[in-house]
4 protein chains.
Amino acid sequence: MTTVGFIGLGIMGLPMATNLVTGGFEVIGHNRSPGKVATFAERGGRAANGIADAVRDADVVVTMLPDSPDVEAVMYGSDGVFANAKPGTLVIDMSTIRPDVAAKLAKDGSANGLRVLDAPVSGGEQAAVDGILSVMVGGAPDDVAAARPVLEKLGRTIMHVGPAGSGQTVKAANQLIVAGTIGLVAEALVFLDAHDVDTRSAVEVLAGGLAGNAIFDRKVEGMLARNFAPGFRLALHHKDLGIVSAAARDAGVATPLGSVAAQLVGSMVARGDGGLDHTALLRLVEELSGRSREDDPA
Amino acid sequence: MTTVGFIGLGIMGLPMATNLVTGGFEVIGHNRSPGKVATFAERGGRAANGIADAVRDADVVVTMLPDSPDVEAVMYGSDGVFANAKPGTLVIDMSTIRPDVAAKLAKDGSANGLRVLDAPVSGGEQAAVDGILSVMVGGAPDDVAAARPVLEKLGRTIMHVGPAGSGQTVKAANQLIVAGTIGLVAEALVFLDAHDVDTRSAVEVLAGGLAGNAIFDRKVEGMLARNFAPGFRLALHHKDLGIVSAAARDAGVATPLGSVAAQLVGSMVARGDGGLDHTALLRLVEELSGRSREDDPA
Amino acid sequence: MTTVGFIGLGIMGLPMATNLVTGGFEVIGHNRSPGKVATFAERGGRAANGIADAVRDADVVVTMLPDSPDVEAVMYGSDGVFANAKPGTLVIDMSTIRPDVAAKLAKDGSANGLRVLDAPVSGGEQAAVDGILSVMVGGAPDDVAAARPVLEKLGRTIMHVGPAGSGQTVKAANQLIVAGTIGLVAEALVFLDAHDVDTRSAVEVLAGGLAGNAIFDRKVEGMLARNFAPGFRLALHHKDLGIVSAAARDAGVATPLGSVAAQLVGSMVARGDGGLDHTALLRLVEELSGRSREDDPA
Amino acid sequence: MTTVGFIGLGIMGLPMATNLVTGGFEVIGHNRSPGKVATFAERGGRAANGIADAVRDADVVVTMLPDSPDVEAVMYGSDGVFANAKPGTLVIDMSTIRPDVAAKLAKDGSANGLRVLDAPVSGGEQAAVDGILSVMVGGAPDDVAAARPVLEKLGRTIMHVGPAGSGQTVKAANQLIVAGTIGLVAEALVFLDAHDVDTRSAVEVLAGGLAGNAIFDRKVEGMLARNFAPGFRLALHHKDLGIVSAAARDAGVATPLGSVAAQLVGSMVARGDGGLDHTALLRLVEELSGRSREDDPA
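Residues numbered from 1 in each chain as written. Chains lettered and ligands numbered in written order. Predicted model: local features only at pLDDT ≥ 70, side-chain atom pairs only at ≥ 80, totals over all residues. Heavy atoms only, no water.

An unreviewed UniProt entry annotates chain A as 2-hydroxy-3-oxopropionate reductase originating from Actinopolymorpha pittospori. Of chain A, the UniProt comment under Sequence similarities (unreviewed entry) reads exactly: "Belongs to the HIBADH-related family." (UniProt positions renumbered as here; feature names shortened; annotations may be inferred.)

The following block contains the structure:
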């Protein structure tokens, strides 16, 4: 039986690790706050006593952490993954982090005899629970093939998109488009509302044409109902757009629309709305149009 | 039998008028350049001798013209629609024009005893030929109901979105989102290409998630193949974004993303690329990223 | 003695017309609201009984009106300037209007035997009172020379910048730079305030270097004191940026920064702050940064 | 006599160190490439044999280096400033680096018994040669007072703007405004040129009004003459705008105009124009307006 060391049992990590248990893997879980480890143990996982303990006997290590520094902290150091995993271990970082950090992790892991992949996901908490995440994988083809049995318990679409770091690059592109599209839909909704238009009929016809997008399909009902409970928090999207900006800057890529989207998301966070769903950008566009809604919940 | 006066037999108008003939209407067509009228006559239409002649005996008048001034020129004046159509005639303007002009036409038409609707379309030339346009209709409910038998020969989705001018407002919102989405997809493609990513795999995974949109579904193949033959010309999109800007300005609606998209489209036109498909925005983003493609056709 | 017909006795026009009286001209003034005409008469001007009366015996006509349609209304029509001024009369429009409208007025005036100049001003109410406006003049060199005796009573810098419409073009460029510079200074002030910086010392060193500008020299004290009483109202700057946008669009000129400045000013107006001085853009940048000031007056 | 260890004898550092020699200080200079050290020795300086040698006997250490990592490399490590300078030494970093790095250096230096100031400059190479730089100083008041005798040999305006890091914050604000102002002036010049305007007359009247700024005063002649030899290279401005973006992001400050300016500068660098003067932004605006100049001297 394959043994998986799983580090990071948060909102996403816990259901993912649980799906691996259900899928027949032996899973040793670690989390900085021990409460999550106890919950994981109740669900059939084994509780690790620190990172070294979680990875020492693992064939595969999965990490699911908030940001680049968290992943670096877990990988490096005398108690870390690189120092304690067996040679040949497959290390799959599924966090959303900087592509350049992911590439460096792959290089440094390789120097330690490890096979490191970056495999960020999209789909959110519900897809994590349901095991239907989309997974964008960067790394060597053989390593990606070896990781498939694990990844297929977590996601429905497992796409190898290039060498180490590529998974993070594609995730960054995803976050760029999503933020921009939410902004465009918000502008359109305020524009329609400011004229004498039946917004619901308009949305229906817009969604069916060349203006159609997944925000219309999955998110616009919440926007029209003014339900901005996350979902995906603006604070996390802000972090991700920081990754996009840095990666675009490093590569010399112009993002005239992406940089505006980043400004808008950054404003929401600066104003204290980082805990709302990213579709709450609608509120900012309304405010910039002198059309704030008094009936807005919260 | 219902008689339709059809004014504007261009790339869109000619197949639309032809579909009305095929659908069993008596159609009298007029076009400024007479060659198009001859072609229409070969397809079973009747050739009008001027605007007045086209509308004098019509139950329904349809106009399909390039821009607001063209529509105003056809409606007003002693030879125009308003002066020559019978009281009670249904006048359906299917051009893409300014919402405020559409509202004024409805008001002025009403003063002449006419029932005026704005009913711009989306879907492009092929959808016009196939009779499967999406039609966004603004006007009084009774008039919209009366227009349905005609509109249903032209389009698959006929959506009443509000009072006079609303159809144009929704079309404007459509053009805002489409231009912005093309820009976002272009930024993502250049971003992916600038890193070591397999662009086709990346597009596949992006299109299936929250970043999915109709540009990925219908247009990205052309972008990857660098086929920028129109399609929908940048020059027309530029005209439409002028309508969006003016309508947003008049209503005090903020369009931070839309205004950037308008700048990008405007640049393409200023540089002499107005005849390319709107997806050619990709070229501008590449150029701004120092990544112009030497193998680019044309 | 040269007789001047002066149309538009508002905040700017009244002191300008008064300076012409003081400067030795016979001035016949007209204003839509008659109260202003009475005030002008108290100051030594003559009250006209309508536009035709103001211009019939004039050697020079000066107009100082809010916007393009106002100027067109005064020039055209049977009671207007063009129909009633003597052949050869010098018509100097000092309003800030669209360059293309100014060029059309020059052409149409010429067809009526008149010599039309566009001569918008900068400097504001106080400079109008003091007779030290900057005047940007577009038109034929001989006509500009003929206008100098009048213009020199109104301004200190009289600059001939090109053919008809050029004065308005330069004024539009002025308004583009001013709005953008206020925005940049506002961003810098919020940036400094958000860190632990002594803002006054910082402003002093910034103003003396390559970041120096007239906003630092003339306006920043008001911004730091949070005195947003106009001065130059955001609503008027919004009108002027509409002129800039249209003229840039017509000429195919990219204004990536100008269009952002226009969005910001438009937002202020949409939110109901059009009556504040244009430096109140600072408030919007503060709000977008989550740093609204509770001690803000008003 | 006060002894100064001077690290970084580049385009700016060499004349600065030379001015300290001329001003009566004993100066021990170090540079990574030894050729510069030899030149410095010819001008009366002493050549150090490494960083430790340069700072071991110094009362004051001055660093003038390209970017944050360079300064960190010089300060930290067993051969670095912090490990080798005497307790109580005044360490003045005059490089342009991240404010947060500057604050960290002050804290870490203090832990080593050192007094660290950040004191970036503006004015460019000629002002460095002439000893008339503007210096923005962050740090403790007593330390700033102690540094004045040294700084006054280098600059004309020595402004204490706040605690550690503040000097860098003000420098960042400076670079934000300068880039934005160059962009605005470029947009205005293209706008004027696209209409029939005498650009030189227009610039003269614009420079004298509320649109006036130091770019008009010091740089516009070069722009009109199309002389884009640096001056201040776009590549360095790009680095500085990266600092601005990061600092604004960290503090939650909205910079809608600054982020557009950063995109434009980034495009120029991506396109290979990083070696030109920052006023070459004019070329990008021209290109975006379809008005590239064929007579442009490469």
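Student: Go over the overall build of chain A, please, and point to the residues and values.
Tutor: Counting secondary structure elements, chain A contains 15 helices and nine strands. For chain A, whose C-alpha radius of gyration is 21 Å, the value lies close to the compact-globule estimate of 19 Å for 298 residues. A principal-axis box enclosing the C-alpha atoms of chain A has dimensions of 65 × 45 × 35 Å. Counting every position in chain A, which comprises 298 residues, the buried fraction comes to 63%. Contacts in chain A between residues at least 24 apart in sequence constitute 66% of all its contacts with a sequence separation of at least 6. As presented, chain A carries roughly 10,400 Å² of accessible surface, and 50% of it is formed by carbon and sulfur atoms. The averaged location of the 34 negative side-chain charges in chain A is 3 Å from the averaged location of its 25 positive side-chain charges. (Helix = DSSP H or I, 4+ residues; strand = E, 2+ residues; numbered from the N terminus. Rg over C-alpha atoms; globule rule 2.2 N^0.38 Å. Buried < 20%, exposed > 50% of the residue type's maximum accessible area, 1.4 Å probe, protein only. Contact = heavy atoms within 4.5 Å. Areas by Shrake-Rupley, 256 points an atom, 1.4 Å probe, with all protein chains shown as cover. Lys, Arg positive; Asp, Glu negative; His and termini not counted. Charge placed at Lys NZ, Arg CZ, Asp CG, Glu CD.)

Student: Talk me through helix 9 (residues 166–194) of chain D; I want residue IDs and the actual numbers.
Tutor: The end-to-end C-alpha distance of helix 9 of chain D, which contains 29 residues, comes to 42 Å, matching closely the 42 Å that a straight helix rising 1.5 Å per residue would cover. Counting buried residues in helix 9 of chain D gives 27 out of 29 residues, a clear majority hidden from the surface. (Expected span 1.5 Å × (residues − 1).)

Student: Tell me about the pairing of strand 6 (residues 115–118) of chain A, and name the residues and values.
Tutor: All names here are of chain A. Relative to strand 6, strand 5 (residues 90–93) is paired through four bridges, and the arrangement is parallel. Residue pairing in the sheet places Leu90 in a bridge with Arg115 of strand 6. For the crossover from strand 5 across helix 6 (residues 99–111) to strand 6, the handedness is right-handed. (Pairing = 2+ DSSP bridges. Right-handed = clockwise from strand over helix to strand, strands pointing away.)

Student: For the UniProt feature "active site" (unreviewed entry) in chain A, give the residues involved together with the corresponding values.
Tutor: Residues and elements named next belong to chain A. The residues that UniProt annotates with the feature "active site" (unreviewed entry) are Lys171. Along the polypeptide, Lys171 turns up in helix 9 (residues 166–194). Judged by its relative accessible area of 7%, Lys171 falls in the buried class. Setting aside anything within four residues of it in sequence, one finds Lys171 in contact with Thr96, Pro120, Val121 and Met136.

Student: Which residues make up the interface of chain A and chain B, and what values do they have?
Tutor: Taken together, the contact pairs 65 residues of chain A with 65 residues of chain B. Both sides of the chain A and chain B interface together cover about 5,400 Å² of buried area, and 75% of this is carbon and sulfur. Considering only the side of chain A, the residues that lose the most area to chain B are A:Phe191, A:Leu210 and A:Leu257, jointly responsible for 16% of the buried surface there. Where chain A packs against chain B, one counts zero salt bridges. Run the count over chain A and chain B and you get 14 residue pairs in polar contact (both at pLDDT 80 or more). Put simply, the parts of the chain that give the side of chain A that touches chain B at least two residues each are strand 8 (133–138), strand 9 (155–162), helix 9, helix 10 (199–207), helix 11 (214–218), helix 13 (234–251), helix 14 (256–270) and helix 15 (281–288) of chain A. When residues of the side of chain A that touches chain B are assigned to their parent elements, the largest contribution, 19 residues, is made by helix 9 of chain A. Partitioning the side of chain A that touches chain B into residue classes produces 38 nonpolar, 21 polar and six charged. (Buried area = accessible area lost by both parts, 1.4 Å probe. Salt bridge = Lys/Arg side-chain N within 4 Å of Asp/Glu carboxyl O. Polar contact = N/O pair within 3.5 Å; in protein donor to acceptor, adjacent residues only side chain to side chain. Nonpolar A, V, L, I, M, F, W, Y, C, P; charged D, E, K, R; others polar.)

Student: Residue-level account of the packing of helix 1 (residues 13–22) of chain A against helix 2 (residues 34–42) of chain A, with values.
Tutor: Residue and element names in this part refer to chain A. At a closest axis distance of 10 Å, the pairing of helix 1 and helix 2 adopts a crossing angle of 30°. With respect to their mutual orientation, helix 1 and helix 2 come out roughly parallel. Along this stretch, helix 1 crosses helix 2, giving a crossing that reads as right-handed. From helix 1, Leu14, Ala17, Thr18 and Val21 reach across to helix 2, where they touch Lys36, Thr39 and Phe40. Of the residues assigned to the contact of helix 1 with helix 2, the class counts are four nonpolar, two polar and one charged. (Axes fitted to C-alpha atoms, helices over the stretch in contact; angles between N-to-C directions. Parallel < 35°, antiparallel > 145°, perpendicular 65-115°, else oblique. Left-handed = near helix turned anticlockwise from the far one by under 90°.)

Student: Explain the packing of aromatic side chains residue by residue, including any values.
Tutor: Residues and elements named next belong to chain C. Under the criterion given, the structure shown has four aromatic pairs over all chains. Seen from their ring centres, Tyr76 and Phe82 are 5.3 Å apart, and the 80° between their planes marks the pair as edge-to-face. We classify Tyr76 as partly exposed; its relative accessible area is 27%. With a relative accessible area of 7%, Phe82 lands in the buried category. (Phe/Tyr/Trp six-rings, centres within 6.5 Å; stacked < 30°, edge-to-face > 60°.)

Student: Run through the interface of chain C and chain D, naming residues and quoting values.
Tutor: If you look at the interface, chain C gives 65 residues, while chain D gives 65 residues. Between chain C and chain D, a total of about 5,400 Å² is buried, with carbon and sulfur atoms accounting for 75% of that surface. Contact with chain D buries surface across chain C, with C:Phe191, C:Leu210 and C:Leu257 losing the most and accounting together for 16% of the total. For the pair chain C and chain D, the number of links is zero salt bridges. On inspection of chain C and its partner chain D, the count reaches 14 residue pairs in polar contact (both at pLDDT 80 or more). With 19 residues, the top contributor of residues to the side of chain C that touches chain D is helix 9 (residues 166–194) of chain C.

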